[in-house]
Amino acid sequence: MTSSVPSTMKGVMINKTGGTEVLEYKTDIPVPTPIDGQILVKNDYIGVNFIDTYFRSGLYPAPQMPYILGREAEGTVVKLGGGDSYGLKEGDKVVVMCEGTYAEYTSAPAARAVKVPAGMDSKIGAAAWLQGLTALTMVREAHAVKKGDWVLVHAAAGGTGLWLCQLLRAIGANTIGTASTDEKVELAKKAGATHVVNYSHEDVKAKVMELTGGQGCIAIFDGVGKSTFDLSLDCVARKGSLISFGNASGAVPPVTIARLSAKNVRLMRPTLFNYIVTREELEGYTNELFGLVVKDKFDVRIHETYPLSEVARAHEYLEGRKTTGKLLLDPSK
Ligand code: NDP
């Protein structure tokens, strides 16, 4: 291993599932050795995503225990494991999307790493990537939104929500956002939502029907899940799509498909990972997304960068609906 790479590192792992008390910040985790097809990346910034809380809580099963959380990071390639490194070399700045990123170093499949383009500021890769790709693939593939479409976006001031608002504005859609506070309402409007409903006290369905002349929205992007599913079904237009892509409020219980026939609704439960399986898909979408940031000046809102040792606070804030935009972890602290 390269001499500058230490033998142990800081990282956050779980040994059992539960609340934030199961997050174990360690300073003596062995630095992984990259094998064929992998690269070793020294992480500068780690993206926090809602999925990390699902693995921590047990909503999604961890493949083994102990388990280092995390799915996304930005950093520098410090070692190649051999085999196909997809043109990457030591010293390259990359983003990686794989398991085990809540640590100073991650052994990542080279196939799941993409170079950060010149001109992109530090932090922005980790802040933009997973949530931005989710939004991009949802509006492109889950439901191909067209100019003039009426679209409903729940949690519009969240990390993924702000991306959806910006992308939908660029497409020329009419976006109705939902958010739980007045501050979030303003952020979603600034990001491009044409109308935003504060669903803590406003009637979302009434507003959607008023704005759409009683038709409803042709596409609903719902990452909130359990608490908004019925509302989403109420708000979707005839022949519209309900794209249920997350569980922020809990998993959606089993649905009787006969309920969809009332309006010939398409119901979909997509995941980003199945839209970026091939190298061509991953690179194509990533280059497009980073182009939106670098050339088209899309805003990448960072809520806060937390020291890795304060990961529990980051999870508590994210799950407590106290955040807007992206949360990052800094493994050097
Ligand atoms: P967000 O930044 O959007 O945070 C979640 C937001 O959901 C909160 O800020 C809150 O906004 C809203 N919310 C509503 N009810 C609850 C609740 N009971 N508990 C917590 N939050 C609630 O997170 P992300 O952008 O990281 O993720 C958003 C959703 O997208 C998640 O469900 C996530 O799993 C999903 N996702 C799915 C992917 C996929 O591939 N399918 C990939 C990436 C994300 P408010 O206060 O305004 O209601």
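Only a predicted model underlies this, so the values are computations on that prediction, with no experimental measurement involved.

K.L.:
Give me the lowdown on the sheet that holds strand β13 (residues 236-244), citing residues and values where you can.
P.N.:
Across a sheet, strands are paired by hydrogen bonds formed along the backbone, either parallel or antiparallel in direction. Taken in spatial order, the six strands make up an open sheet running β11-β10-β9-β12-β13-β14, and their pairing is parallel. In this open sheet, the two edge strands, each paired with only one partner strand, are β11 (195-198) and β14 (266-268). Taking each pair of neighbouring strands and ignoring which way they run, the sheet shows an average axis angle of 15°. Sheet topology note: the strand β9 (residues 150-153)/strand β10 (residues 174-179) ladder contains four bridges and is parallel. Each residue of the ladder has a partner; that of Val151, found in β10, is Thr175. Of the strands in this sheet, β9, β10 and β12 (217-222) are in contact with helix α3 (residues 159-171), which crosses β9 at around 165°.

K.L.:
Please provide a residue-by-residue account of the layout of surface pockets, values included.
P.N.:
The volume enclosed by the largest pocket comes to roughly 880 Å³. Considering the residues around the largest pocket, the lining is formed by 41 residues, among which Phe50, Tyr54, Thr160, Gly223 and Ala248 are closest to the centre. For the lining of the largest pocket, the secondary-structure elements that each account for two or more residues are α1 (50-57), α2 (124-142), α3 and α8 (311-319). For the lining of the largest pocket, the element with the most residues is α2, which contributes four residues. Residue composition of the lining of the largest pocket, grouped by class: 18 nonpolar, 19 polar and four charged. Looking at the lining of the largest pocket, you find at least three residues from each of domain 1 (8-116 + 301-330) and domain 2 (132-271). What the second largest pocket holds in volume is close to 220 Å³. Lining the second largest pocket are 13 residues, and of these Pro32, Gln64, Ile68, Glu99 and Gly100 lie nearest its centre. Within the residue set of the lining of the second largest pocket, elements represented by two or more residues are β2 (24-30), β4 (67-68) and β7 (105-109).

K.L.:
An account of the UniProt feature "domain: Enoyl reductase (ER)" (unreviewed entry) in the protein chain is needed here, citing residue identities and associated values.
P.N.:
Within this numbering scheme, the UniProt entry marks residues 18-329 as carrying the feature "domain: Enoyl reductase (ER)" (unreviewed entry). Segment residues 18-329 splits into 29% helix and 27% strand. End C-alpha atoms: 20 Å apart.

K.L.:
An account of α8 is requested, with residue identities and associated values reported.
P.N.:
Within the span of α8, buried status applies to Val311, Ala314, His315 and Leu318. For α8, the angular spread of buried residues about the axis comes to 95°, placing them on one side. On its buried face, α8 is in contact with β1 (8-14), β3 (38-48), α1, β15 (302-307) and β16 (326-330). Downstream of α8 by a residue or two, Arg321 has a phi angle that is positive, lying close to 65°.

K.L.:
Could you give me a rundown of the packing of aromatic side chains, with the residues and numbers involved?
P.N.:
Under the counting rule described, the total for this entry stands at five aromatic pairs. Look at Phe50 and Tyr54: their rings are 5.6 Å apart centre to centre, the planes differ by 45°, and that puts the pair in the tilted class. With Phe50 and Tyr54 both in helix α1, this residue pair falls four residues apart, about one helical turn. The partly exposed category is assigned to Phe50, whose relative accessible area is 23%. Look at Trp163 and Phe298: their rings are 5.9 Å apart centre to centre, the planes differ by 25°, and that puts the pair in the stacked class. A residue pair is termed long-range when its members are at least 10 positions apart, and Trp163 in helix α3 and Phe298 in the loop between α7 (279-294) and β15 qualify at 135 residues. The buried category is assigned to Trp163, whose relative accessible area is 3%. Among the aromatic residues, those joined into a cluster by ring pairs are Phe50, Tyr54, Phe55, Tyr60 and Tyr67. In this structure, Arg313 is placed above the aromatic ring of Tyr317, and the distance from its NZ or CZ to the ring centre is 5.9 Å.

Here is what the cut-offs are and how they apply
- Residues numbered from 1 in each chain as written.
- Predicted model: local features only at pLDDT ≥ 70, side-chain atom pairs only at ≥ 80, totals over all residues.
- Heavy atoms only, no water.
- Pairing = 2+ DSSP bridges.
- Helix = DSSP H or I, 4+ residues; strand = E, 2+ residues; numbered from the N terminus.
- Axes fitted to C-alpha atoms, helices over the stretch in contact; angles between N-to-C directions.
- Contact = heavy atoms within 4.5 Å.
- 1 Å grid on protein atoms, 1.4 Å probe; cavity = no way out; pocket = protein on both sides within 12 Å on 5 of 7 lines; lining within 4 Å.
- Points joined across faces, edges and corners; volume = space filled by probe spheres on them.
- Nonpolar A, V, L, I, M, F, W, Y, C, P; charged D, E, K, R; others polar.
- Domains from an automatic or database assignment.
- UniProt positions renumbered as here; feature names shortened; annotations may be inferred.
- Buried < 20%, exposed > 50% of the residue type's maximum accessible area, 1.4 Å probe, protein only.
- Arc of directions from axis to C-beta.
- Phe/Tyr/Trp six-rings, centres within 6.5 Å; stacked < 30°, edge-to-face > 60°.
- Lys NZ or Arg CZ within 6 Å of the ring centre and 35° of its normal.

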